[in-house]
Amino acid sequence: MPNPASQDPTRPSRLELNAPSPLEMPPGAMRETGQRALEMLVQRLSHLRERRPWGAATRAELHARLHEPPPAGPADFGHLLEVLATDVLPHAGSVDHPRFMAFVGSAPTWPGILGELLACGYNVFQGTWLESAGPSTIELTVLDWFRTWVGYPAGAEGILLSGGSAANLTAMVVARQARFGAHDPRAVIYHCTETHSSAVRAARILGFADEQLRALPVDDDFRMRPVELDAAMAADAAAGRVPFLVVANGGATSTGAVDPLPALAEVCRTREAWLHVDAAYGGFALLTERGRVALRGIEAADSVTLDPHKWLYQPFEAGCLLVREGRRLADAFHIMPDYLQDTAVAAGELPEVNFADRGLQLSRGFRALKIWLSVKSFGAEAFRLAIDRTLDLAAHAEARIRARPELFELLSPAALGVVCFQRCFPAREEALNAALVRGLAESGTGMISSTRVRGRYALRLCILSHRTTAADVDAVLDWLGSADPAGS
Ligand SMILES: *Cc1c(COP(=O)(O)O)cnc(C)c1O
């Protein structure tokens, strides 16, 4: 089919060499469209409570409404915003909603959202110092805040990444490089049955075979057992394999469990293995007293994954890897091709940093801006208060569940914001609890998700949002306790 634009006699078929860009907008139009988009966001956030936490539609319905060939000509921007507001954005979960307690939510603050917008508008290239001295200094500053929260010594370094999955992958590269300098078929990685799937996927991406992974069973509190870990490592070593990496949980996604980090660190020290702690969702509990107690020993890990886009209230995407011996990052990733020779950095007491030397990405955005802008705007104390309250709310949910043993059965107690339980039914417990998960979302009252605890179907509350109050938790538990999932 011929391009319709080329048939339009009012449109030139090619640009004059000195003509203005067809992709530029005058300031008035930028301001007008920008204000409309911004107003849409302010409206959404200031009326979040009145909205449903979840909306969906089938692929067929949405395909019929939205699918089309590439548009040849222009469309009115206001009309496009309307399409987004009516046909696209309502069909999604609002993971920042105060009643969103499913999976792991993300409730960014307004300064964080503006930080993302500014980073995007300035379009900083943050792969090299040459192109981003100021922004790189902000990233180094934010990473240093995280370093002190984790309790790492000076010399620890890090990098902001797309999320926990990228951080776990990056950690595995660094650990492997530190031990072998290459791939080694004798290498063995240990984790547990509660480990996030991203660690197993990272191992797959890096070429580790299934036989090189050990998914160890957990104790009654869903934690890796140091004695079993040590025994498994001894058996592998005796068989000529090389135990080199342990991936531990600093907040398991299903239950919030934290592995016994000091004991695991001891095993890793004697076996000369790298200890990586995946604290993607749980790590920022470190801002609170209770969180520091729960995550005791995290500072002994060789590397730590954190997800600022979860419990530090940043917009997607913001993940982080910290490495105790910071130079290990560049050991694993630094390569200097000819076409980047202009970007060599100055050494010295405060050496300049090319973030491209610390991970996969060369072109990378200014992720630190949103973190810096939001934490500076409110102060770290406001974040501590917000995170601390979510811990209170998870304890409140647990107490309410325990108080009604005829109605609910607690399956795992409150741990780093997560509580798992079941509604008691005389029969068909799995089907009826699953119907509650669906029914709650469809009711518009709230949203939770499910998991398995010791093989049993579990309702899972994950309370991390700074917006969630006890009234929200109560409303969700009241619905779950009174709804009739058999649909009589
Ligand atoms: C969320 C999560 C991940 C994955 O992080 P993404 O940011 O979604 O890539 C990994 N590990 C744990 C423990 C998590 O909670």
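None of the values given here were measured: they were computed from a predicted structure. (Residues numbered from 1 in each chain as written. Predicted model: local features only at pLDDT ≥ 70, side-chain atom pairs only at ≥ 80, totals over all residues. Heavy atoms only, no water.)

Undergrad: Just to check I follow, could you spell out the sheet that holds strand β2 (residues 187–192) for this structure?
TA: Sheet strands line up and pair through hydrogen bonds in the backbone, either parallel or antiparallel. What the 7 strands build is an open sheet, ordered β1-β7-β6-β5-β4-β2-β3; its pairing is mixed. Edge strands, defined here as strands with exactly one partner in the open sheet, are β1 (157–161) and β3 (213–216). Each neighbouring strand pair of the sheet contributes to a mean axis angle of 20 degrees, computed without reference to strand direction. When β2 meets β3, the two strands line up parallel, connected through 4 bridges. By the bridge assignment for β3, I189 is matched with L213. Together, β1, β6 (303–306) and β7 (319–323) form the strand contacts of helix α6 (residues 133–150), whose direction differs from that of β1 by roughly 115 degrees. (Pairing = 2+ DSSP bridges. Helix = DSSP H or I, 4+ residues; strand = E, 2+ residues; numbered from the N terminus. Axes fitted to C-alpha atoms, helices over the stretch in contact; angles between N-to-C directions. Contact = heavy atoms within 4.5 Å.)

Undergrad: Just to check I follow, could you spell out the environment of G121 for this structure?
TA: Here G121 is to be found in helix α5 (residues 110–122). In sequence terms G121 and A471 are 350 residues apart; their C-alpha atoms lie 39 Å from each other.

Undergrad: Please clarify how empty space enclosed by the protein should be interpreted in this entry.
TA: Unoccupied space between atoms shows up once a probe the size of one water molecule is rolled over them. Applying the stated rule across the entire model yields 2 cavities of 30 Å³ or more. There is about 50 Å³ of room inside the largest cavity. If you trace the largest cavity, you find it lined by V95, H97, F100, G105, S106, A107, K310, Y313, C462, L464 and S465. Of the residues in the lining of the largest cavity, the class split is 6 nonpolar, 4 polar and 1 charged. If you add up the space inside the second largest cavity, you get close to 40 Å³. (1 Å grid on protein atoms, 1.4 Å probe; cavity = no way out; pocket = protein on both sides within 12 Å on 5 of 7 lines; lining within 4 Å. Points joined across faces, edges and corners; volume = space filled by probe spheres on them. Nonpolar A, V, L, I, M, F, W, Y, C, P; charged D, E, K, R; others polar.)

Undergrad: Which parts of the structure should I look at to understand the packing of helix α16 (residues 429–443) against helix α17 (residues 470–482)?
TA: In a packed pair of helices, the relevant descriptors are the angle between the two axes and the axis-to-axis distance. Where α16 meets α17, the closest approach of the two axes is 10 Å, and the angle between their N-to-C directions is 125 degrees. Taken together, the axis directions place α16 and α17 in an arrangement best described as oblique. The handedness of the crossing between α16 and α17 is right-handed. Of α17, the residues touching α16 (which contributes L436, G439, L440 and S443) are V476, W479 and L480. Each residue belonging to the contact of α16 with α17 can be placed in one class, and the counts come to 5 nonpolar, 2 polar and no charged. (Parallel < 35°, antiparallel > 145°, perpendicular 65-115°, else oblique. Left-handed = near helix turned anticlockwise from the far one by under 90°.)

Undergrad: How do you make sense of the confidence of the model for the chain when you look at a structure like this?
TA: Regions with low pLDDT carry predicted coordinates that are not meant to be interpreted in detail. Looking at the chain, pLDDT values average 96 and 98% of them are 70 or higher. Contacts of residues 1–6 to residues separated by more than four positions or lying in other chains number 5 contacts, the stretch itself having pLDDT below 50. (pLDDT = per-residue confidence, 0-100.)

Undergrad: Where do I start with the layout of surface pockets in this structure?
TA: Roughly 1100 Å³ of internal volume is contained in the largest pocket. Residue lining of the largest pocket: 34 residues in total, with M40, L41, R44, L89 and D96 positioned closest to the centre. Listed by contribution, the elements that provide at least two residues to the lining of the largest pocket are α2 (27–46), α4 (77–88) and α5. Take the lining of the largest pocket: its biggest share by element is 11 residues, from α2. Residue composition of the lining of the largest pocket, grouped by class: 21 nonpolar, 7 polar and 6 charged. Roughly 610 Å³ of volume is contained in the second largest pocket. Lining the second largest pocket are 28 residues, with L140, E157, P351, V353 and R358 positioned closest to its centre. Of all the secondary-structure elements, those providing two or more residues to the lining of the second largest pocket are α6, β1 and α13 (327–333). By residue number, the principal contributor to the lining of the second largest pocket is α6, which donates 6 residues. Class assignment for the residues of the lining of the second largest pocket results in 14 nonpolar, 6 polar and 8 charged.

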